[in-house]
Amino acid sequence: MNPFIPFQPAFGANFLNREAEQREILDRLGMGVSSALVGNPHIGKTSLLRKLADTKSWAVYGLDPSQYTVVELNFELFTSEKTPDDFWQQICRRAALASPQSAAPLQPFTVQGKKRIDLGFLNEAFVKIGTQGQRVVVLIDEFDKFLNLPNFATLDFVNPLRAIASVSTGLVLVTTSRLSIAELQGEINKLKQDSQGSPLNFLQPVSLQGFADKDIQQWMSPHLPVEGIAEARLLAGRHPLLLQLAGKLLWSEKETNSIPRWDAHRDKFVANLDAHFRDLWRYLDARAQFALVLMVLRDLEGQLSGKSFNVEKVSQDLQWFTAEVKRLGERAVLEKNAQGEWVIGSLGLRLWLIENKIAAAVGTPLDVPQWLHHKEFKLGGLITNEEIAAIQGFVQAIPTDFISLAKKALLPKDLQ
Amino acid sequence: MSARVEESLLSRLYQDLYSGHNVFLTGGSIQQRAQLLQQLLDPNIHKRFLPEPEQFLWVYIDCARLPANTSLTLFWKSALHPTLEQQNLPRSLKPFLQATLNSSFLDLFDLETYFLKLSDEQRVQVLLVDNLEMLLKWPKETISSTLSSLRSFSSRAGLRAIISSSKGIETLNQQTALLNQYGSPFFNIYLERRL
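Residues numbered from 1 in each chain as written. Chains lettered and ligands numbered in written order. Predicted model: local features only at pLDDT ≥ 70, side-chain atom pairs only at ≥ 80, totals over all residues.

**Brief notes about the interface of chain A and chain B**
Listed per partner, the contact involves 27 residues of chain A and 29 residues of chain B. With 5 residues, helix α11 (residues 274–282) of chain A is the largest single contributor of residues to the side of chain A that touches chain B. (Contact = placed C-beta atoms within 7 Å. Helix = DSSP H or I, 4+ residues; strand = E, 2+ residues; numbered from the N terminus.)

Set out below in structure tokens:
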């Protein structure tokens, strides 16, 4: 059976390392501090949250599992008629069911049909749990979805959440979200014009990165030979979902053909990830999108056909986007190469960018502002006239048979 | 589709299911997709392709046959009710599922508990959803709650979904984006297979 399972949360042998992140979260948890797992699509937030739910491994990190009651909640299961009272009631019911003794102070809030929760009494119950040396740990997946729900996208939900989790040591949260804490707070502040507070800053962020090379080797080597792993790494970079998908396609190739053609699945790989890449793209702001396009062009510099494509200034132009490049790195869209430079690690993402975000602009007399508009870049002051002029210069230099040249140029030299 | 292609596709889909995937089928005609789902339901074919067929509890729902005012409760009740008659539903779970489905407003947290208990019993509910794009005609709240719950349940143990739709994942993600502005899109946990 194919051991690689893309698009699903990873578990068992497919769950890789995350040692540092687990330690960071569990250290905080021991001190009663809540955490927010933040990261881009399919970087492994849910997988790590599920791993944390298994308290058996906590002793390794110096925590006594018998002092903790873990409750899992997914905001996808809260429908629009649900209220914060339903949220608290779910937590209390699940905690009381999992640990009737430790979570006994929560018992009064579990009664079916009792709709109003007195938040003062609830706070006291969590304080009592804390003073008894116990903690209720609530793992909340898809936390940012509360913003989709009218009864939750309000300070009446967020403020008590903050108050109870901050004041009592009996309640600790670990959330997952695509939006950073600052971005979530920005959205909350939009809800109420006069609100400029930071109601979510009790959540300490943990950002997830791609996997380390040694972990990738260790994970894939029982299933793929060296050539297969090299191809997976080339296609996927260090991104968990991309590696799972590359692994799945290459494992099938190995099982089907006695002489595997490792490079036979590149188009399929990109096609299978089209919705994922579009999802990722939508989450980037215009400048970050532009920085990615520049990075692809930089990677191609001088490689296409010297005379007809020479965009010497691209690397220089990227300096305008230093902050975006750093942020893309922090969100694991980019990775560092051996020289310590940020690069797009996945050939699949580079090919997708070329085909979907650059190629359509090639071969016609170019009106750059119009092109940027069509390519979904919102100009509104984000890109200066100087930048536009520079872009105009190098985009005009792109040859018309760009896709085929680019695909070839992006491969390592020995594969060209 | 030729019989041979069907055979290899069936084999691949059962492998997907067995290894833990949720699958999104698109392309081909309405009839081809419907026929494929019916074949996937066939117990005789299960014996040929699945190592442990008794592990799976199969149910089928056609969104084209549900009314335009379908509610979340109606969707899940229609989808899961046939499970109550299946021999391999663990006895201990039958009263729980019955009570959950009989309540006038379905509680998604109870349904989540059912799927997790099912998984504890080494069983997997397989939900085949035909003509999913028809759901876009339902009330907005139903679309949002149905797709959210489907995503949540099928990304955990206990439920796997095989969805058939004339529209692909990216199109449906776009068309439901306004109902789901924050967090993951509804369809990013599916392996897309084109007929």
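From this point, the narrative continues.
**So, the packing of helix α5 (residues 94–102) of chain B against helix α6 (residues 108–120) of chain B**
Residue and element names in this part refer to chain B. Between α5 and α6, whose axes approach to 10 Å, the crossing angle comes to 160°. As the angle between them shows, α5 and α6 are arranged roughly antiparallel. The chirality of how α5 crosses α6 is left-handed. Facing α5, whose interface residues are Phe96, Leu97 and Thr100, α6 presents Asp110, Leu111 and Tyr114. (Axes fitted to C-alpha atoms, helices over the stretch in contact; angles between N-to-C directions. Parallel < 35°, antiparallel > 145°, perpendicular 65-115°, else oblique. Left-handed = near helix turned anticlockwise from the far one by under 90°.)

**A look at the sheet that holds strand β2 (residues 68–74) of chain A**
Residues and elements named next belong to chain A. With respect to topology, 5 strands assemble into an open sheet ordered β2-β3-β4-β1-β5, the strand pairing being parallel. The strands lining the two open edges of the sheet, one partner per strand, are β2 and β5 (203–207). With direction set aside, neighbouring strand axes in the sheet form an average angle of 20°. (Pairing = 2+ DSSP bridges.)

**Considering the packing of helix α4 (residues 119–131) of chain A against helix α5 (residues 155–167) of chain A**
Residues and elements named next belong to chain A. Between α4 and α5, the shortest axis-to-axis distance is 9 Å and the interhelical angle comes to 25°. Considering their axes alone, α4 and α5 lie roughly parallel with respect to each other. Judged by the twist between their axes, the crossing of α4 over α5 is right-handed. The segment α4 lies against α5, with Leu119, Leu122, Asn123 and Phe126 engaging Pro160, Ala163, Ile164 and Val167. Grouping the constituent residues of the contact of α4 with α5 by class yields 7 nonpolar, 1 polar and no charged. (Nonpolar A, V, L, I, M, F, W, Y, C, P; charged D, E, K, R; others polar.)

**As for the environment of Gly237 of chain A**
Residue and element names in this part refer to chain A. Relative to the assigned elements, Gly237 resides in the loop between α8 (226–236) and α9 (240–256). A tally of 25 C-beta atoms within 10 Å means that Gly237 is categorised as buried. Sequence-wise, Gly237 and Ser252 are 15 residues apart; in three dimensions their C-alpha atoms are separated by 20 Å. Those residues within four positions of Gly237 in sequence are excluded, and the remaining contacts are Gly210, Leu242, Glu335, Gly345 and Ser346. (Buried ≥ 20, exposed ≤ 12 C-beta atoms within 10 Å, placed from the backbone.)

**Side note on the domain arrangement of chain A**
All names here are of chain A. Structurally, chain A comprises domain 1 (18–207), domain 2 (213–272) and domain 3 (282–415). Domain 1 puts 5 residues into the contact, and the matching count from domain 3 is 5 residues. Along the lines of polarity and charge, the residues of the side of domain 1 that touches domain 3 split into 1 nonpolar, 3 polar and 1 charged. (Domains from an automatic or database assignment.)

**Digging into unusual backbone geometry**
All names here are of chain A. Even without glycine at this site, Glu142 takes up a positive phi of about 55°. Along the chain, the position of Glu142 falls in the loop between β3 (135–141) and α5. Note on Glu142: 27 C-beta atoms within 10 Å, which makes it buried. Of note in the backbone geometry, Ala332 takes a positive phi value of approximately 65° without being a glycine. Note on placement: Ala332 falls in the loop between α14 (322–330) and β6 (335–336).

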